[in-house]
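Observations on chain architecture
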Amino acid sequence: MNPIEHLNKLFESRIRLGVMSVLMVNEEVSFNDLKAMLDVTDGNLASHLSTLEDNAYIKVHKGFVGRKTNTTYSITKAGEKAFKGHLAALEAMIKFTQ
Amino acid sequence: MNEQQHLDTLKDIKRIMERSTRFMSLSGLGGVGAGLSGLIGAWFAWRILDDYRNGATVPADAYDGAAYDGTGNLNVLILKLLLIAAAVLLGALTTGSYFTWRKARQQGLPIWDATARKVVFNLAVPLVAGGFFILGMIYNGFYGFVSPACLVFYGLALINASKFTMPELRYVGFIETGLGIFATFWLGHGLFFWALGFGVVHILYGTIMWWKYERAPQGA
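Residues numbered from 1 in each chain as written. Chains lettered and ligands numbered in written order. Predicted model: local features only at pLDDT ≥ 70, side-chain atom pairs only at ≥ 80, totals over all residues. Heavy atoms only, no water.

1. Focus: the interface of chain B and chain A
Each side of the interface is counted separately: chain B has 16 residues, and chain A has 20 residues. Among the residues chain B hides against chain A, the three largest losses belong to B:Glu3, B:His6 and B:Met17. Together they make up 30% of the total. Where chain B packs against chain A, one counts two salt bridges. Taking the shortest distance from any N to any O, the salt bridge between A:Arg14 and B:Asp12 comes out at 2.5 Å. At the junction of chain B and chain A, the tally comes to five residue pairs in polar contact (both at pLDDT 80 or more). Ranked by residue count, the leading element in the side of chain B that touches chain A is helix H1 (residues 3-21) of chain B, at 12 residues. Of the residues that constitute the side of chain B that touches chain A, the class distribution is seven nonpolar, four polar and five charged. (Contact = heavy atoms within 4.5 Å. Buried area = accessible area lost by both parts, 1.4 Å probe. Salt bridge = Lys/Arg side-chain N within 4 Å of Asp/Glu carboxyl O. Polar contact = N/O pair within 3.5 Å; in protein donor to acceptor, adjacent residues only side chain to side chain. Helix = DSSP H or I, 4+ residues; strand = E, 2+ residues; numbered from the N terminus. Nonpolar A, V, L, I, M, F, W, Y, C, P; charged D, E, K, R; others polar.)

Okay, structure coming up:
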């Protein structure tokens, strides 16, 4: 058995991995909070978020707070499953090499 | 990718999950500062109560108001005690936020992020409810219950907020709530329980937290 076949290519980026980690434990997180938690630039975060959205791993909610746009993100069922699978693969990988 | 890299990745994930749900910059030194201002406040309150008791010819072991109706200067006494309480609150908040701000800056973390807002909100709900409840008791002359009620509501607030910060705060919440309930059956010793709960317990908690998390340079 190839231990890395279950590793998800999409989660190889540290930023995408970070986004998924945050969304796993928080119901809804705003763009600005994600930015502060992961310490990345606007453009960088936005492109990683759209990749995750294109794969239906996360959902985007566009709203307003007063007149300012307030975009929040949450994880989808598919995203949760994919991320858990990736974590299990990481753990299996570590056990395999030990 | 080797084993170490995978381990690092898992550690990263765990760290991000924890950091995004819990406000970890709460400083133990802030707790010690809050405890000290609590003890200083209790000492002033004790002095004022002592003066009041010596001035009025009433039993020395009771200061729960009911016995003093008609002496005239009860309102002054309450005002003085409320001023002390406000000063203690201000002192505790100032030292608490200063040391927390300092710790957050040292760790390079934002101080006012989503997790901090969660902590403040979850503290505020029971505290504001308790605050108005206590004002109602003062208004109706149930002075003896003020100190136990402070402890009970504060303890519940800590239990509520502990989900979003140091898990140890939960035990402080249990202790404060327990002290408050105990004090309800020892009316007349309110100041003693108040000093114990807001002074001694804070100092102990702050010292333990400082010892556990802040003394050594942050490794993990």
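2. Examining the packing of helix H2 (residues 28-55) of chain B against helix H3 (residues 74-107) of chain B
Residue and element names in this part refer to chain B. Two numbers describe how H2 lies on H3: the axes approach to 7 Å, and their chain directions differ by 170°. It follows that H2 is roughly antiparallel to H3 by the angle criterion. When the axes of H2 and H3 are compared, the crossing they make is right-handed. Every residue of H3 that contacts H2 at Leu29, Gly30, Gly33, Ala34, Ser37, Gly38, Gly41, Phe44, Ala45, Ile48, Leu49 and Tyr52 is listed here: Leu74, Leu77, Lys80, Leu81, Ile84, Val88, Gly91, Ala92, Thr95, Gly96, Phe99 and Arg102. Its residues assigned to classes, the contact of H2 with H3 shows 14 nonpolar, eight polar and two charged. (Axes fitted to C-alpha atoms, helices over the stretch in contact; angles between N-to-C directions. Parallel < 35°, antiparallel > 145°, perpendicular 65-115°, else oblique. Left-handed = near helix turned anticlockwise from the far one by under 90°.)

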